[in-house]
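Reading the structure
The chain contents come next:
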Amino acid sequence: MSCFRGDLNFCPECGNVLPVPGMKSTITCPRCSFKVPVQDFTGQVIKSSVVFNSLDQSSSVVESEEDAELKGPVIDRKCSRCNKEGMVYHTRQMRSADEGQTVFFTCIHCRFQEKEDS
């Protein structure tokens, strides 16, 4: 028996979520193998619900393409057009998986775009 007491949905030893009771007389924690008697769950009701967001909420999150290209990590790289430092980058796998990724850079000042194959 464990020295901790808490919600029956969680293992009293390690705090892991316990699986739903089955046909066995005990429930075994998948993390630490602690056993809980199924009788402890007598009278418990398991409920679940699904909430769907309205379509109107998701459309307000769409950003303009101009703003999207300037999101990401900024590095100290000199722009070849305006010669200022500060470019945002992102990577894409453009060729086969055994070849390197392509890195795309966008200047935060003039929005000039460069690419580099690695």
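Everything discussed here concerns the structure shown above.
So, how was this worked out
Residues numbered from 1 in each chain as written. Predicted model: local features only at pLDDT ≥ 70, side-chain atom pairs only at ≥ 80, totals over all residues. Heavy atoms only, no water. Helix = DSSP H or I, 4+ residues; strand = E, 2+ residues; numbered from the N terminus. Buried < 20%, exposed > 50% of the residue type's maximum accessible area, 1.4 Å probe, protein only. Core = buried A, V, L, I, M, F, W, Y, C linked by side-chain atoms within 4.5 Å. Contact = heavy atoms within 4.5 Å.

What follows concerns unusual backbone geometry. Within the chain, asparagine 83 stands out as a residue other than glycine whose phi angle is a positive 65°. Locating asparagine 83 in the fold gives a position in the loop between β3 (74-78) and β4 (85-92). We note that arginine 111 has phi near 65°; this positive angle belongs to a residue other than glycine. Secondary-structure assignment places arginine 111 in the loop between β5 (102-107) and β6 (113-117). Assessed through its relative accessible area of 34%, arginine 111 is described here as partly exposed.

This part takes up the nonpolar core. The tendency in soluble globular proteins is for nonpolar side chains to be buried side by side. Ranked by size, the top nonpolar core spans seven residues in total: Cys11, Leu18, Ile27, Cys29, Phe34, Val36 and Phe41. In contact with cysteine 29, other than residues within four places in its own chain, are Cys11, Cys14, Asn16, Leu18 and Phe34. Counting residues in hydrophobic clusters, the runner-up holds five residues, among them Met87, Val103, Phe105 and Cys107.

Scope: geometric values only; no functional claims are made or implied.
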